[in-house]
Structure formats: C-alpha cells, structure tokens
Amino acid sequence: MKEEQLKNLMQKSTVATSDDFTDALMQQLETLEETQPIKLISFRKIVAFSIASLVILSLIAYQYVTPFLSELSGSVQINKTPIFAAFLLLCLLGLNYVLRLQRSYRELL
Amino acid sequence: MHTDFELIEKIKQGDMSAFRHLVERHKDVSLSLACSILKDRSRAEDVLQESFIKVFKKIDTFQFNAAFTTWLYRIVINTSYNAVKKEKNRHHFTQEAEEKLATTADIPIDKLKENDQKKYINLALEKLRSEEALVLRLFYLCELKISEIAKSTGFSTSKIKVDLSRGRSNLSFQLRKLLGTEIDNLL
C-alpha cells in the first residue's frame with residue numbers, strides 16, 4: 001500500500017462525534033462553573049491536629065484530673081484506667097468520623 | 001478564521017464561545033484517537049468529554065511554545081489510557097461491529113457508501129493493536145511528525161517507527177482479509 005493511499009484511507013477513518021456532543025460538553029462546563037468547589041482541609045492537617053489535640057488534652061487531663069481523682073479516691077473508689085480508656089475511645093471515634101467523612105467525599109467524586 | 005492560539009487567548013479572557021470553536025475544530029480527530037485506544041465509540045466520547053473538561057480547567061497552564069494539538073492529543077491519549085486501566089472490557093466494540101458488518105460483507109465495495117467504507121476501515125483499525133492504530137492515526141490523520149508523536153504519546157521514537165511499520169502492514173492485511181480483491185476499489 002502506497003503512502004498516499006494510506007493517507008487517504010486514514011482520512012476516511014475519522015470518527016465523527018454525536019450531534020449533541022459540543023452542546024452536552026458546554027452544558028457540563030456551565031454546571032461545573034456554577035458549582036462552588038467544596039473547600040476541605042487536607043487530611044494530613046486533620047490527622048496532625050487530632051494527634052496534637054489528643055496529646056495536649058491527655059497532658060491537661062493527667063495534670064488536673066489525677067490529683068482530683070486521688071482526692072476523690074480517698075472517699076470514692078474510682079479507677080483511672082476506665083476514664084482514660086473512655087476518653088481515648090471518644091477521641092478515636094472522632095477520628096473515625098473524620099475518616100468516614102473523607103471516604104464518603106471520595107465516593108461522591 | 002481564528003488560529004488555535006487566538007482562540008486560547010480569548011478563552012483565557014473568559015470567552016466560552018471561543019472554547020466551543022476550539023472543540024468543534026478538534027473533536028472528530030480527537031475522538032478517532034480515543035477510539036484507537038478504547039475500541040468503543042460511546043466510551044471514547046465520554047473520555048473525550050472528560051478530556052475537554054481537563055483542557056478547559058488547565059488552559060491557563062498552556063504554554064504557547066508548542067502546538068495546541070500536541071498538548072490536546074496528549075491529554076486525550078492519557079485520559080484514554082487511564083480509562084482503559086479502569087475498564088477491562090475492551091473488545092466489546094470489535095465484536096459488535098464485526099456482527100454488524102457481517103451482513104454487508106458480500107456487497108462489492110464500490111457499491112458501498114462512503115459511510116460503509118469508513119466502517120470497514122475502522123473495523124480493520126480496531127483489529128490492530130491500540131498502539132499501532134494510534135500511531136497510524138497520529139502520523140497520517142493528524143499529520144504529526146515522529147518527534148511530535150513522541151511528545152503526545154510518551155513513546156520512544158524507535159517504538160513509534162516500529163509501530164508505524166507494523167501498523168501499515170497489519171492494516172493492509174486486515175483490509176485484504178475483510179474485503180479480498182475489493183480492496184483495490186477502496187484504495
């Protein structure tokens with residue numbers, strides 16, 4: 001097959017788009033422009049902030065709650081471990097909620 | 001008639017009608033390239049819509065030191081390959097098209113309309129490896145040089161030359177297989 005023949009063949013091979021292709025595209029672009037992008041805080045920032053908050057809150061809790069618990073333990077027997085466990089559990093649930101939010105956002109995209 | 005660069009300048013200034021002109025000018029050739037990779041016309045159209053949206057979003061980053069088509073084709077090709085990765089069912093169109101054409105296979109090619117000739121050529125192209133069909137279209141349809149094809153596809157120049165050579169002979173073989181001696185009427 002000669003080069004010129006091949007070129008003619010390839011010119012014939014052009015695939016035409018459907019009639020409403022451009023209109024559909026322009027409509028899609030208009031919709032995109034109208035939709036305000038959701039501004040999300042980056043995942044790394046959220047995790048770093050959560051860990052920092054967790055450490056600071058744990059220190060504060062240890063500093064202030066421990067003497068109070070010691071005083072209280074004289075009259076009432078309260079175990080420190082379940083309180084800290086509950087506190088940690090709450091923090092983990094919070095983190096889990098953030099992760100689920102992120103996953104559902106990805107699914108939306 | 002505005003050049004691509006003039007249209008891009010207008011788009012950057014917020015002229016949506018300029019983008020419509022740009023799409024109208026390049027959509028058919030771009031769709032042909034997407035079809036070479038995806039082997040499915042309707043999926044190729046979806047991918048092309050996605051590609052043009054990317055073009056619109058990234059038009060501000062376009063540098064005027066290269067041809068717009070090289071940049072556009074690169075986006076279309078990358079988006080098509082990404083779609084292929086997501087989708088395994090790539091041979092659907094070939095089988096469907098073959099079934100459709102089987103009914104007209106006995107009719108002499110000179111009696112077939114231009115549209116039917118196009119179908120035979122595209123069917124033969126569908127039978128080629130996607131890289132061969134893509135390189136053939138970029139070289140003969142888009143009239144790009146080998147260096148420009150390398151920029152658009154990311155293939156090496158030696159691979160492009162091999163694909164071009166194999167593509168030529170395979171296309172000829174597939175057309176002869178499909179049409180027999182009627183191929184002379186097509187050429």
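Fair warning: this is a prediction, and the values are worked out from it, not measured in the lab.

(A) Just the overall build of chain B, in detail. The number of helices and strands found in chain B is 10 helices and zero strands. Secondary structure elements of chain B occur, N-terminal to C-terminal, as α-α-α-α-α-α-α-α-α-α. The proportion of buried residues among the 187 residues of chain B is 37%. Across chain B, every contact between residues at least 6 apart in sequence was considered, and the portion connecting residues at least 24 apart equals 68%.

(B) Spotlight on the environment of Ile149(B). All names here are of chain B. Along the chain, the position of Ile 149 falls in helix α8 (residues 146-153). Classification of Ile 149 by C-beta neighbours within 10 Å gives buried; the count is 25. The spacing of Ile 149 and Thr 70 is 79 residues in sequence and 7.8 Å in space, taken between C-alpha atoms. Discounting chain neighbours no more than four positions away, the residues touching Ile 149 are Val 135, Leu 138, Phe 139, Leu 144 and Ile 160.

(C) Representation of the interface of chain A and chain B. Across the boundary between the two partners, chain A contributes 21 residues, which contact 27 residues of chain B. Only α1 (3-12) and α2 (21-34) of chain A provide two or more residues apiece to the side of chain A that touches chain B. Residues of the side of chain A that touches chain B, tallied by class, amount to 11 nonpolar, eight polar and two charged.

(D) Region of the structure containing helix α4 (residues 68-86) of chain B. Residue and element names in this part refer to chain B. In this model, α4 (19 residues) spans 27 Å end to end at C-alpha, consistent with the 27 Å of a helix rising 1.5 Å per residue. Taken residue by residue, α4 has Thr 69, Trp 71, Leu 72, Tyr 73, Val 76, Ile 77, Thr 79, Ser 80 and Ala 83 as its buried positions. Turning to α4, the residues buried within the fold contact α2 (16-38), α3 (41-58), α7 (130-141) and α8.

(E) Representation of the confidence of the model for chain B in the model. All names here are of chain B. Residues with a pLDDT of 70 or more make up 81% of chain B, whose mean pLDDT is 84. At the low end of the mean pLDDT range in chain B sits helix α5 (residues 92-102), at 51; at the high end sits α3, at 93. Scoring of the predicted complex yields 0.67 for pTM and 0.75 for ipTM.

(F) Focus on the environment of Phe173(B). Counting through the fold element by element, Phe173(B) comes out in helix α9 (residues 157-179). Each C-alpha atom of the pair Phe173(B) and Ala124(B) lies 8.7 Å from the other, and the pair is 49 residues apart in sequence.

(G) Fine view of α3(B). Helix length check: α3(B) (18 residues) gives 25 Å between terminal C-alpha atoms against 26 Å at 1.5 Å per residue, within 8%. Buried within α3(B) we find Arg43(B), Ala44(B), Glu45(B), Val47(B), Leu48(B), Gln49(B), Ser51(B), Phe52(B), Val55(B) and Phe56(B). Looking at the buried side of α3(B), the elements it contacts are α2 of chain A together with α2 and α4 of chain B.

Rules and cut-offs
- As a convention, each chain's residues are numbered from 1 in the sequence order in which they are written.
- Working convention: letters from A go to chains and numbers from 1 go to ligands, in the order in which they are written.
- For a predicted model such as this one, the threshold for reporting local features is a pLDDT of at least 70, and the threshold for listing and counting side-chain atom pairs is 80 or more; totals across whole chains, interfaces and linings nevertheless cover every residue.
- Secondary structure follows DSSP: runs of H or I at least 4 residues long count as helices, runs of E at least 2 residues long count as strands, and numbering of each begins at the N terminus.
- Residues are called buried when their C-beta atom has 20 or more other C-beta atoms within 10 Å, exposed when it has 12 or fewer, and partly exposed otherwise; all C-beta atoms are positioned from the backbone.
- Remark: residues whose backbone-derived C-beta atoms lie within 7 Å of one another are considered to be in contact.
- Classes in brief: Ala, Val, Leu, Ile, Met, Phe, Trp, Tyr, Cys and Pro nonpolar; Asp, Glu, Lys and Arg charged; the others, Gly included, polar.
- For a helix, the expected span equals 1.5 Å multiplied by the number of residues minus one.
- A score between 0 and 100, pLDDT records how confident the predictor is in each residue.

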